[in-house]
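Residue strings, one per chain:
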Amino acid sequence: MAHRPFAPREPPEPPRTWWRRFLDFMDLSSPESVKGLGLVLVLLVIGFGPLLLLAVLDVSGTARKALVALGPVSICLGFAGLVLVCGYRYGELLKWSRRQTWMLAMLFVGLGLLGGLGLWFSES
């Protein structure tokens, strides 16, 4: 195909901002990826909520024991939820069976419960 010197050109794209370049680099420019990022951020806020409350509030006794014990429980439950969501959405791509997805989620639940119980009984 010959080059046509007088062919209409498309207007140049405006320069992209550093934020748009960062989102493209992190592959976060599609609505689906933004939903995934939102899910991860919500799970992190829920997971680390008890530890944040423990840092902000001046509590003692049973309330302190509960917040200390809820730290690993909520974090691991958040990870279990994330594993379940990712396993059901992308299990085929990840080559995960439903059984593997549930076993990994139950592993996180078990770790969280054991960690929470250990901290509950070790907190004086």
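Look up: the structure comes first, before these words.
Rules used in this analysis
- Residues numbered from 1 in each chain as written.
- Predicted model: local features only at pLDDT ≥ 70, side-chain atom pairs only at ≥ 80, totals over all residues.
- Heavy atoms only, no water.
- Salt bridge = Lys/Arg side-chain N within 4 Å of Asp/Glu carboxyl O.
- Helix = DSSP H or I, 4+ residues; strand = E, 2+ residues; numbered from the N terminus.
- Axes fitted to C-alpha atoms, helices over the stretch in contact; angles between N-to-C directions.
- Parallel < 35°, antiparallel > 145°, perpendicular 65-115°, else oblique.
- Left-handed = near helix turned anticlockwise from the far one by under 90°.
- Contact = heavy atoms within 4.5 Å.
- Nonpolar A, V, L, I, M, F, W, Y, C, P; charged D, E, K, R; others polar.
- Phe/Tyr/Trp six-rings, centres within 6.5 Å; stacked < 30°, edge-to-face > 60°.
- Buried < 20%, exposed > 50% of the residue type's maximum accessible area, 1.4 Å probe, protein only.

(A) Summary view of the pattern of salt bridges. For the structure on display, the rule yields three salt bridges. Glu 32 is the partner of Arg 89 in a salt bridge, and the nearest nitrogen-oxygen pair spans 3.1 Å. Residue Arg 89 is found in helix α3 (residues 62–94), and its partner Glu 32 is found in helix α2 (residues 31–56); the two are separated by 57 residues along the sequence.

(B) Quick look at the packing of α2 against α3. Interaxial distance between α2 and α3 falls to 6 Å at its minimum, and their mutual angle equals 165°. It follows from the interaxial angle that α2 and α3 lie roughly antiparallel. Pair α2 / α3 crosses with right-handed handedness. Residues Glu 32, Leu 39, Val 40, Leu 43, Ile 46, Gly 47, Phe 48, Pro 50, Leu 51, Leu 53 and Leu 54 of α2 lie in contact with α3, whose contacting residues are Arg 64, Leu 67, Val 68, Leu 70, Gly 71, Ser 74, Ile 75, Gly 78, Leu 82, Val 85, Arg 89 and Tyr 90. Tallied by class, the residues present in the contact of α2 with α3 amount to 16 nonpolar, four polar and three charged.

(C) Local environment of the packing of aromatic side chains. All chains considered together, the criterion is met by four aromatic pairs. Measuring from centroid to centroid gives 5.6 Å for Phe 79 and Phe 108, while their planes differ by 40°, and the two rings are tilted. With Phe 79 in helix α3 and Phe 108 in helix α4 (residues 98–122), the pair connects residues that are 29 residues apart, well separated along the chain. A relative accessible area of 22% places Phe 108 in the partly exposed class. Here the aromatic rings of Tyr 88 and Trp 102 are separated by 6.5 Å at their centres, their planes lie at 80°, and the arrangement is edge-to-face.

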